[in-house]
Amino acid sequence: MQTVLISGGGIAGPVLAHWLHRHGFGPTVVERAPGPRPGGQAVDIRGVALDVIERMGLLEQARGVRTRMRGMSILDPEGHEVDRSTESTFSSGRLDSDDIELLREDLVRMVQEHTRADAEYLFGDSIAALQEDGAGVRVDFVHGASRTFDLVIGADGLHSTVRRLAFGPEERFIHHLGSYLSVFGADNFLGLDDWQVWLRDGDAGFGIMPVRDNTELRIAFGFESGPLALDQRDSGALRRLVVDKLSSLSWEGVRLAKAAEEAPDFYCDAMAQIRMDHWSRGRVALLGDAGYCPSPISGQGTGLALVGAHELADCLARTPGDHRAAFSRYERRMRSFVTLNQALATENPGGPASEASLAHAKNALSLGG
């Protein structure tokens, strides 16, 4: 049995573990966090990604926790409604579509629970070093003992450790898109009832949606900026920056700033893409945001993670013992799909992608297997 270490226990990693187990591999998932990460924005499962979830037997479970928005309001900087829609929202698109919008934390919990019996999970640890030889990849962990695996897959996000160790510094591959996004939760102090609000004020703006039967809010706050000279690991500095920017808003700035200051699930990062000529090197390959992050602006990061995991496992299964052929096939299968989905973030960076472009990108690949 070939052993595969997967770095990252978010969405792509556990889904890959599921399919690898189905194909007779021995997957191990290492995740820096001590357990499923709470918080995060709503994510979308669309097009061929729905097929992946259905093949995993999770479609009805995903539908059961989907958001139930009735529509949205667009506000001016003072909080006055200037437009509304009961047909679509910026976060999910058309409300009458078959797409599923759900909270990221719900999807992560779902796929992790579904794969606990299929894979070994190492929570609270991460990779410190990789050393490949003819027999496999020796992996040194930050906390655990060193081990050797046949293959290593980096599914560890925009700031991937596996990518850095195997391919080089992040600066070679990251392309900043001119803005930052912060996401955090709060009590529903606005009293929203299955209804989103969106506001733009100068170079900043936010979308707010109620979740958990309207008891909580998820607040997505964005602001235009070039790359900031801040350590991404210094969440305190990023939080202070977001709090200051929210405080300057005319409508609900004070309460939004307080929510950001107190949120236990605070997140902030650059809107950026990862663009690489190759997603594999030797016995190491990249999956999802680690290899081809489209940025949240595209709305397709979850779809790429789900589809990429299925295709990578399928390619490995079709070429037993030949990882080079498998990785080459994986890149051929996914390259145009990735390019189309990344283009959704750059074709109209100030607003949502067109329906035609979204439909083309989400249906541009049929699943193998």
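Here, the structure is the one placed above.
Since the model is a prediction, treat every value here as computed from it, not as a measurement.

Draft legend 1. Spatial organisation of the overall build of the protein chain. Looking only at helices and strands, the protein chain has eleven helices and 20 strands in total. The C-alpha atoms of the protein chain give a radius of gyration of 20 Å, which matches the 21 Å a tight globule of 369 residues would have. The C-alpha extent of the protein chain, read off along each of the three principal axes, is 65 × 40 × 35 Å. Contacts in the protein chain between residues far apart in sequence, at least 24 positions, make up 68% of those at least 6 positions apart. Within the structure as shown, the protein chain displays about 15700 Å² of accessible surface, and the carbon and sulfur contribution to it stands at 47%. Where the 38 positive side-chain charges of the protein chain centre and where its 51 negative ones centre are 5 Å apart.

Draft legend 2. Inspection of the pairing of strand β1 (residues 3–7) at higher detail. Here β1 lies mainly inside the structure; four of its five residues are buried. Once you follow β1 into helix α1 (residues 12–22) and on to strand β2 (residues 26–31), the crossover reads as right-handed. Direction of pairing for β1 relative to strand β13 (residues 151–154): parallel, over a ladder of four bridges. Residue pairing for β13: Leu5 is matched across the bridge by Val152.

Draft legend 3. Expanded view of the layout of surface pockets. Considering only enclosed or pocket space, the second largest pocket measures out at about 230 Å³ in volume. Contributing to the lining of the second largest pocket are 13 residues, with Arg66, Thr67, Val211, Arg212 and Asp213 lying nearest its centre. Looking at the lining of the second largest pocket residue by residue, the class counts come to five nonpolar, two polar and six charged.

Draft legend 4. Here's a closer look at α1. When you tally the buried positions in α1, you get nine out of eleven residues, the bulk of the element. Within the sequence span of α1, burial applies to Ala12, Gly13, Pro14, Val15, Leu16, Ala17, His18, Trp19 and Leu20. At the exit of α1 stands Gly24, carrying a positive phi of roughly 95°.

Draft legend 5. Spatial organisation of the pattern of salt bridges. Counted under the stated rule, the structure contains 21 salt bridges. Residue Asp96 pairs with Arg94 through a salt bridge whose shortest N-O separation is 3.0 Å. Its relative accessible area of 36% is what places Arg94 among the partly exposed residues. Connected through salt bridges with shared partners, the residues Glu105, Asp106, Arg109, Glu113, Arg212, Glu216 and Arg218 form a single ionic network.

Draft legend 6. Seen up close, helix α6 (residues 235–247). Look at α6: 18 Å from first C-alpha to last across 13 residues, which is about the 18 Å you get at 1.5 Å a residue. Along α6, the positions that sit buried rather than exposed are Ala237, Leu238, Val242, Val243 and Leu246. Elements that come into contact with the buried residues of α6 comprise β14 (174–187), β17 (216–224), α7 (253–262) and β18 (267–274).

Draft legend 7. Local environment of the packing of α6 against α7. Orientation of α6 relative to α7, taken along the N-to-C sense of each, is 170°, at an axis distance of 7 Å. Here α6 is positioned roughly antiparallel relative to α7, judged by the angle of their axes. Together, Arg239, Val242, Val243, Leu246 and Ser247 of α6 and Gly253, Leu256, Ala257, Ala260, Glu261 and Glu262 of α7 make up the contact between the two elements. Grouping the amino acids of the contact of α6 with α7 by side-chain chemistry returns six nonpolar, two polar and three charged.

Draft legend 8. Main features of the sheet that holds strand β12 (residues 147–149). Spatial strand order, β10-β11-β12: three strands in an open sheet with antiparallel pairing. Since the sheet does not close on itself, it has two edges, and those belong to β10 (127–133) and β12, each with one partner. The mean angle between the axes of side-by-side strands here comes to 30°, regardless of whether they run parallel or antiparallel. Pairing of strand β11 (residues 136–141) with β12, which is carried by three bridges, proceeds in the antiparallel orientation. In the strand pairing of β12, Val139 is matched with Arg147.

Draft legend 9. Representation of unusual backbone geometry within the structure. Even without a glycine there, the phi angle at Asp213 is positive, about 55°. Inspection of the secondary structure puts Asp213 in the loop between β16 (204–211) and β17. In this structure, Glu252 takes a positive phi of about 60° despite not being glycine. Summarising the element assignment, Glu252 is placed in the loop between α6 and α7.

Draft legend 10. Broad picture of the sheet that holds strand β4 (residues 71–75). Taking strand neighbours across the sheet as the criterion, the seven strands line up as β5-β4-β15-β16-β17-β14-β18 in an open arrangement whose pairing is mixed. This sheet does not close on itself; its edge strands, each paired only once, are β5 (81–85) and β18. The average angle at which neighbouring strand axes cross in this sheet is 20°, direction not considered. Where β16 lies against β17, eight bridges are found, and the strand directions are antiparallel. Bridge pairing links Met209 to Arg218 in β17.

Draft legend 11. Local environment of the pairing of β10. Pairing analysis gives six bridges linking β10 to β11, with the strands arranged antiparallel. Among the inter-strand pairings, Ile127 is bridged to a residue of β11, identified as Phe141. Connecting β10 to the next strand, β11, in antiparallel fashion are two residues.

Criteria and thresholds
Residues numbered from 1 in each chain as written. Predicted model: local features only at pLDDT ≥ 70, side-chain atom pairs only at ≥ 80, totals over all residues. Heavy atoms only, no water. Helix = DSSP H or I, 4+ residues; strand = E, 2+ residues; numbered from the N terminus. Rg over C-alpha atoms; globule rule 2.2 N^0.38 Å. Contact = heavy atoms within 4.5 Å. Areas by Shrake-Rupley, 256 points an atom, 1.4 Å probe, with all protein chains shown as cover. Lys, Arg positive; Asp, Glu negative; His and termini not counted. Charge placed at Lys NZ, Arg CZ, Asp CG, Glu CD. Buried < 20%, exposed > 50% of the residue type's maximum accessible area, 1.4 Å probe, protein only. Right-handed = clockwise from strand over helix to strand, strands pointing away. Pairing = 2+ DSSP bridges. 1 Å grid on protein atoms, 1.4 Å probe; cavity = no way out; pocket = protein on both sides within 12 Å on 5 of 7 lines; lining within 4 Å. Points joined across faces, edges and corners; volume = space filled by probe spheres on them. Nonpolar A, V, L, I, M, F, W, Y, C, P; charged D, E, K, R; others polar. Salt bridge = Lys/Arg side-chain N within 4 Å of Asp/Glu carboxyl O. Expected span 1.5 Å × (residues − 1). Axes fitted to C-alpha atoms, helices over the stretch in contact; angles between N-to-C directions. Parallel < 35°, antiparallel > 145°, perpendicular 65-115°, else oblique.

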